[in-house]
Amino acid sequence: MKKYIGLFTLFQCLVFFAAAQDSSTVVKKGYIPTARIFELLYVPFDVPAGTTEIRVKESYDQMNVNVLNMGVYDSKGDQGITGFRGWSGGAKKEFFITEVAASTGYIAGKITPGTWNVLVYPSGIAPAGLNWMLEITLISGRHQKTFTARPAARQINAVPGWYRGDLHMHSLHSDGRRTVEELVAEAKEKKLDYIISTEHNTNAANLNWGKYNSGNLLIINGEEVTSTRYGHWNAIGLDTKTLIDWRYAPADHVIGKQIEKVHHDGGLAIINHPFYDKGDKTFKFDEQEFDGIEIWNGEWNALNAIALKWWDDLLRKGIRKIAIGASDTHKSSGSPNNLGSPQTVIYAQGLAKDAILEGLKRGKAYIAATHNVALQFTLEYAGKTVGMGEQLPENGTGKAIVHLTVTGCKNTVMTLIGNKGTMASRKIPADTETIHLTIDRDSSSYIRIEIRKEDQAMVALTNPVWL
Ligand SMILES: [Zn+2]
Ligand SMILES: [Zn+2]
């Protein structure tokens, strides 16, 4: 008899479960001809009241050529960023959102009833076109406590000093291969003082960094604002909930407005890998609007050398941009883009978001290939000493002395560069060296240092001291 009661209870449970969870699936299909590449396509679907979970599955043909990026906007709208609920680009073929959880790259929270839109964006189309399908499943179940953001700590300490970190990286929240836990653990292992989270077109990671607050690693919010067509740039130092839109062209003349939003949060706008593709300039927005340029992305290579030349040409024209280096790491160690290689070392008034951004904004920063490489670079003139990002206070003539101490640079060559090119060059045979050079105070409008291996691979590169 006991057995039968057990079976009956199980049957009751199944009936109850079926009643509590109601689901329906809608299928949307379409065809995109080749000429429609890079056009935004919003696919609307209705979300009835009581829906607690949305699941979307994307499929399309000729996946070896066709690339269909994907994201979603809720009933608050798809025009601004208030309705933004996630973006996975070409990295995912399905996602879910509930009130408490979501796929990486997507934003958990209240499932607002009304019209939602899946945004699909083709960045590669075969000659025969692209046939796509979306299967959208809407589930109504019991309401759960809605997700609330856990912001990263803004300050670790208020001790002035040089802080090392990586300004550009990806996790599973966009097209990276690591979990955020793995990224944090590796940053600590590599003794980085700060990391800046820069997922493609989503702030999903930023909403949760507070989970990993610790006494020794500062995590700063950012976003890699990614337009496959017009180039990538990093918005760094954003508030937790800020999202910078990517859906515009240079001809729309809104890039300045977007960068204003970054500056409003105390952040900076940095052009990423400007020569991404075979040495052609892939960055199409007006560089005048931006604060800095990532001239060293991952392992030193020919494309970085072109970016460096472009930056130097701008400096010579009197257009000041901060130079940064970052890994743009996507995989775990073993790939050339290892976390912290290279790293940007910044002089800041403390290990705090505002202080790090302020130090970088002033150009008090150099790029080092690894954690072992360190520099001290100053200029002494008329009893005053200035460093990177600083300016000699007055015009004048006579001699100035460059002081440079390097560590971790065994068997390299140091070059002192000004606005007319190379001013001096010295071999560095030992791991640690101190060099003093005398220059004419009026011989250049700026000086900067490059340290390279014999094969020209970069070991360290500074921002300028302004004369
Ligand atoms: Zn990029
Ligand atoms: Zn990137």
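The rules we used
- Residues numbered from 1 in each chain as written.
- Chains lettered and ligands numbered in written order.
- Predicted model: local features only at pLDDT ≥ 70, side-chain atom pairs only at ≥ 80, totals over all residues.
- Heavy atoms only, no water.
- Helix = DSSP H or I, 4+ residues; strand = E, 2+ residues; numbered from the N terminus.
- Expected span 1.5 Å × (residues − 1).
- Polar contact = N/O pair within 3.5 Å; in protein donor to acceptor, adjacent residues only side chain to side chain.
- Pairing = 2+ DSSP bridges.
- Axes fitted to C-alpha atoms, helices over the stretch in contact; angles between N-to-C directions.
- Donors = N, O, S within 2.8 Å, 3.2 Å for Na, K, Ca; no water.
- Buried < 20%, exposed > 50% of the residue type's maximum accessible area, 1.4 Å probe, protein only.
- Tetrahedral: all angles 85-135°; square planar, octahedral: opposite > 155°, others 65-115°.
- Domains from an automatic or database assignment.
- Contact = heavy atoms within 4.5 Å.
- Buried area = accessible area lost by both parts, 1.4 Å probe.
- Salt bridge = Lys/Arg side-chain N within 4 Å of Asp/Glu carboxyl O.

The protein chain carries the name Polymerase/histidinol phosphatase N-terminal domain-containing protein in an unreviewed UniProt entry, which gives Pedobacter westerhofensis as its organism.

## Re helix H4 (residues 302-316)
For H4, which comprises 15 residues, the first-to-last C-alpha distance of 21 Å matches the rise-based estimate of 21 Å (1.5 Å per residue) to within 8%. At the N-terminal end of H4, a side-chain oxygen is found 3.1 Å from the backbone nitrogen of Leu303, two or three residues along, and the residue is Asn301.

## Remarks on the sheet that holds strand S7 (residues 114-124)
Spatially, the 4 strands line up as an open sheet ordered S2-S7-S4-S5, and their pairing is antiparallel. Pairing within the sheet leaves two strands with one partner each, and these edge strands are strand S2 (41-47) and strand S5 (84-89). Averaged over all pairs of adjacent strands, the angle between their axes in this sheet comes to 20°, without regard to strand direction. Relative to S5, strand S4 (residues 67-73) is paired through 3 bridges, and the arrangement is antiparallel. Across the sheet, residue Met70 finds its bridge partner in S5, namely Gly89.

## Here's the deal with the coordination of the zinc ion (ligand 1)
The zinc ion (ligand 1) binds to the protein through Glu224 (OE), His232 (ND1) and His273 (NE2); the donor distances cover 2.1 Å. Of note, the zinc ion (ligand 1) draws all its donor residues from one chain, in the sequence arrangement E-x7-H-x40-H. Between the zinc ion (ligand 1) and the zinc ion (ligand 2), the interatomic distance is 3.4 Å, and Glu224 donates to each metal, bridging them. Separated by 41 residues along the polypeptide, His232 in strand S12 (residues 231-236) and His273 in the loop between strand S13 (268-271) and strand S14 (292-297) bring together distant segments of the chain. In this structure, His232 and His273 share a single accessibility class: buried.

## A look at the coordination of the zinc ion (ligand 2)
Within the protein, the atoms that donate to the zinc ion (ligand 2) are His168 (NE2), His170 (NE2), Glu224 (OE) and Asp328 (OD), at distances of 2.0 to 2.2 Å. Coordination at the zinc ion (ligand 2) is irregular, judged from the 4 donor atoms that bind it and the angles of 80 to 170° they form at the metal. Sequence positions of the donors to the zinc ion (ligand 2) reduce to the motif H-x1-H-x53-E-x103-D.

## Describing the domain arrangement of the protein chain
Considered domain by domain, the protein chain is made up of domain 1 (23-140), domain 2 (149-371) and domain 3 (374-455 + 463-467). The centre of domain 2, based on its C-alpha atoms, is set 26 Å off from the matching centre of domain 3. In this assembly, 17 residues from domain 2 lie in contact with 18 residues from domain 3. Counting the surface lost from both domain 2 and domain 3, the interface buries some 1400 Å², and carbon and sulfur atoms represent 49% of this. Looking only at domain 2, the three residues that lose the most surface to domain 3 are Arg316, Arg320 and Tyr366, adding up to 37% of its buried area. Run the count over domain 2 and domain 3 and you get 2 salt bridges.

## Focus on the pattern of salt bridges
Enumeration according to the criterion identifies 19 salt bridges in this entry. Across the pair Glu186 and Arg178 runs a salt bridge, and its minimum N-O distance is 2.9 Å. For the pair Glu186 and Arg178, a shared accessibility class is recorded, and that class is buried. Salt-bridge contacts for Arg448 lead to Glu450; the nearest nitrogen and oxygen are separated by 2.8 Å.

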